[in-house]
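For reference, the chains in residue letters:
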Amino acid sequence: MSVTIYGINNCDTMKKARTWLDGQGIAYDFHNYKAAGISQETLQRWCAALGWETVLNRAGTTFRALPDADKAGLDEGRAISLMLAQPSMIKRPLLDRDGAFTAGFKPQVYERIFSAVDGGKEVLK
């Protein structure tokens, strides 16, 4: 199984997810989208699988600092544009297990998806 975890280095939730993966001996690639960027195609694939409302991190300081006009009337296209311009607005971590996506981190969910790969999506709120 190929596992890639997407996020940024300076995020506590990312650190917890990576520590959990390391502790379980799960090999993974880390894609720092703040340093390496993220493609529009990747964001579109995540939004198609999980919904743009899940992929867009509205709780983060980057999104909250936007002018109200930029937050009003969001749709998928505008949300993807915002995330491309400011990758910090992408929910973290985003886990890709051979094309099965999980947004967010909770140890009990990671344990379930890695003990019996279900091929489905998981959304953590």
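Below: a short report on this structure. (Residues numbered from 1 in each chain as written. Predicted model: local features only at pLDDT ≥ 70, side-chain atom pairs only at ≥ 80, totals over all residues. Heavy atoms only, no water.)

## A look at the side chain of Thr 102
Inclusion rule: Counting from the N terminus, the helices are the DSSP runs of H or I reaching at least four residues and the strands are the DSSP runs of E reaching at least two. Burial classification: accessible surface area is computed with a 1.4 Å probe over protein chains only, and a residue below 20% of its type maximum counts as buried, one above 50% as exposed, and the rest as partly exposed. Here a polar contact is recorded for every N or O atom pair within 3.5 Å, except that within protein the pair must consist of a potential hydrogen donor and a potential acceptor, and residues adjacent in sequence are included only if both atoms are side-chain atoms.
Position of Thr 102 relative to the elements: it lies in strand S4 (residues 100-103). Note on Thr 102: relative accessible area 0%, which makes it buried. A polar contact is formed between the side chain of Thr 102 and the side chain of Arg 97, at a distance of 2.8 Å.

## Observations concerning the packing of helix H1 (residues 12-23) against helix H7 (residues 107-115)
Worth spelling out the cut-off: Every axis corresponds to a line fitted to the C-alpha atoms, with the helix fit spanning only the stretch in contact, and the corresponding angles, defined between N-to-C directions, vary from 0 to 180 degrees. Under this scheme an angle from 65 to 115 degrees is roughly perpendicular, one under 35 degrees roughly parallel, and one over 145 degrees roughly antiparallel; angles in between are oblique. Less than a right angle of anticlockwise turn of the near helix away from the far helix marks a crossing as left-handed, whereas a clockwise turn marks it as right-handed. Only heavy atoms enter the contact rule, under which two residues are in contact if any of them lie within 4.5 Å. Three residue categories are used. Nonpolar comprises Ala, Val, Leu, Ile, Met, Phe, Trp, Tyr, Cys and Pro, charged comprises Asp, Glu, Lys and Arg, and polar comprises the others, including Gly.
Where H1 meets H7, the closest approach of the two axes is 11 Å, and the angle between their N-to-C directions is 40°. Viewed along their axes, H1 and H7 adopt a mutual orientation that is oblique. Taken as a pair, H1 and H7 cross one another with a handedness that is right-handed. Here H1 contributes Ala 17, Trp 20 and Leu 21 to the contact with H7, which in turn contributes Pro 107, Tyr 110, Glu 111 and Phe 114. A class-by-class count of the residues in the contact of H1 with H7 yields six nonpolar, no polar and one charged.

## What to know about the packing of aromatic side chains
The condition that has to hold: Here a Phe, Tyr or Trp ring, Trp counted by its six-membered ring, pairs with any other such ring whose centre lies within 6.5 Å, and the pair is stacked when the planes are under 30 degrees apart, edge-to-face when over 60, and tilted otherwise. Here, a charge over a ring means that NZ of Lys or CZ of Arg falls within 6 Å of the ring centre while also lying within 35 degrees of the ring normal.
As enumerated under the stated definition, the model contains five aromatic pairs in all. Their ring planes at 35° and their centres at 6.0 Å tell us that Trp 20 and Phe 114 sit as a pair that is tilted. Within this pair, whereas Trp 20 is found in helix H1, its partner Phe 114 is found in helix H7, the two being separated by 94 residues in sequence. A relative accessible area of 13% means that Trp 20 is categorised as buried. For Phe 114, a relative accessible area of 16% translates into the label buried. Through a chain of ring-to-ring contacts, the aromatic side chains of Trp 20, Phe 105, Tyr 110 and Phe 114 assemble into a single cluster. The lysine or arginine in question, Arg 18, covers the ring of Phe 30, its NZ or CZ lying 3.9 Å from the ring centre.

## Focus on the pairing of strand S1 (residues 3-7)
To keep it simple, the criterion reads: Here the rule is simple: two strands pair whenever DSSP picks up at least two bridges between them. Looking down the strands as they point away from you, a crossover is right-handed if its path from the first strand over the helix to the second goes clockwise.
Burial analysis of S1 places five of its five residues in the buried class, the great majority of the element. Here S1 shows two buried faces, one formed by Val 3, Ile 5 and Gly 7 and the other by Thr 4 and Tyr 6. In this structure, S1 lies alongside strand S3 (residues 94-97), joined through four bridges in antiparallel fashion. Pairing of Val 3 across the sheet is with Arg 97, part of S3. When S1 meets strand S2 (residues 29-32), the two strands line up parallel, connected through four bridges. Within S2, the position partnered with Gly 7 by the bridge is Asn 32. Regarding topology, H1 serves as the crossover connection from S1 to the parallel S2, and that connection is right-handed.

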